[in-house]
Amino acid sequence: MSTLKLCSVSEIPDNDVKTFKIENKDIAVFKVEGEFYAIDRLCTHLKGNLAKGKLDGKTIKCPLHGSVFSLKTGELLRPPGTVAGWFKKAKNTHIYKTSVKDDFLYVEIKE
Ligand code: FES
């Protein structure tokens, strides 16, 4: 496991998101109520861009077919709401542990 520096904490305003491609991972980092949440940027259903999704508290709704994921746990809280969901199921997404040190944001990547 490695801990990697992503950016200065000031680069992600509250209720906003920033994306990173690092160590072959494609990660979206959301900031909600002062806390950072890092998840895979692409939806587990059909790779919708969760960074373009609708943030609602500590959940993110996929812009393509409406799956909702917990930013805290990665749990799939609501499956795709369209016919596309009948053909391919969504599943829980991957989350990454974040930390802040000296005003910089870090993420833990398992190798
Ligand atoms: S791609 Fe995200 S719900 Fe379909």
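Conventions adopted
- Residues numbered from 1 in each chain as written.
- Predicted model: local features only at pLDDT ≥ 70, side-chain atom pairs only at ≥ 80, totals over all residues.
- Heavy atoms only, no water.
- Helix = DSSP H or I, 4+ residues; strand = E, 2+ residues; numbered from the N terminus.
- Rg over C-alpha atoms; globule rule 2.2 N^0.38 Å.
- Buried < 20%, exposed > 50% of the residue type's maximum accessible area, 1.4 Å probe, protein only.
- Contact = heavy atoms within 4.5 Å.
- Areas by Shrake-Rupley, 256 points an atom, 1.4 Å probe, with all protein chains shown as cover.
- Pairing = 2+ DSSP bridges.
- Phe/Tyr/Trp six-rings, centres within 6.5 Å; stacked < 30°, edge-to-face > 60°.
- Lys NZ or Arg CZ within 6 Å of the ring centre and 35° of its normal.
- Axes fitted to C-alpha atoms, helices over the stretch in contact; angles between N-to-C directions.
- Core = buried A, V, L, I, M, F, W, Y, C linked by side-chain atoms within 4.5 Å.

Student: Explain the overall build of the protein residue by residue, including any values.
Tutor: What the protein contains, in helices and strands, is 1 helix and 11 strands. Its C-alpha atoms give the protein a radius of gyration of 14 Å, within 12% of the compact-globule value 13 Å for 111 residues. Along the three orthogonal principal directions, the C-alpha set of the protein runs to about 45 × 30 × 20 Å. Relative to its full complement of 111 residues, the protein shows a buried share of 43%. Within the protein, counting contacts between residues at least 6 apart in sequence, those at least 24 apart form 38% of the total. Total accessible area computed for the protein in this model is approximately 6,600 Å², and 49% of it derives from carbon and sulfur atoms.

Student: Requested: an account of the pairing of strand 4 (residues 35-40), with residues and values cited.
Tutor: Across a regular strand the side chains alternate sides, sitting on one face of the sheet and then on the other. In this sheet, strand 4 lies alongside strand 3 (residues 25-32) in antiparallel orientation, the contact comprising 6 bridges. Note that in strand 4 the partner of Ala28 across the bridge is Ile39. Hairpin geometry of strand 3 and strand 4 is characterised by an intervening segment of 2 residues between the two adjacent antiparallel strands and by a positive phi of about 50 degrees at Glu33. Bridge count between strand 4 and strand 9 (residues 95-96): 2 bridges; the pairing is antiparallel. Opposite Ala38, over in strand 9, you have Tyr96 as the bridge partner.

Student: Mind laying out the packing of aromatic side chains, listing which residues take part and the relevant values?
Tutor: Scanning all chains against the criterion turns up 0 aromatic pairs. Positioned over the ring face of Phe104 is Lys5, at 4.1 Å from the centre of the ring.

Student: How would you sum up the sheet that holds strand 6 (residues 59-61)? Please name residues and give values.
Tutor: What the 4 strands build is an open sheet, ordered 5-6-7-8; its pairing is antiparallel. Each of the sheet's edge strands pairs with one partner strand only, and the pair in question is strand 5 (54-56) and strand 8 (76-78). Between one strand axis and the next, the sheet turns through 30 degrees on average, direction left out of account. In the sheet, strand 5 pairs with strand 6 via 3 bridges, with the strands oriented antiparallel.

Student: Now, about the sheet that holds strand 3: what can you tell me, with residues and values included?
Tutor: Two strands in a sheet stick together by hydrogen bonds in their backbones, pointing the same way (parallel) or opposite ways (antiparallel). The strand order 2-3-4-9 describes an open sheet built from 4 strands, whose pairing is antiparallel. Edge positions in the open sheet fall to strand 2 (16-22) and strand 9, since each of these has one partner strand only.

Student: Mind laying out the nonpolar core, listing which residues take part and the relevant values?
Tutor: Counting residues in hydrophobic clusters, the biggest one holds 15 residues, and the most contacted among them are Leu6, Ile12, Ile27, Val29, Leu105, Val107 and Ile109. Contributing elements (two or more residues each) for this core: strand 1 (2-8), strand 2, strand 3, strand 4 and strand 11 (104-109). Counting residues in each nonpolar core, the second largest holds 14 residues, with Phe30, Val32, Cys62 and Phe69 among its members.

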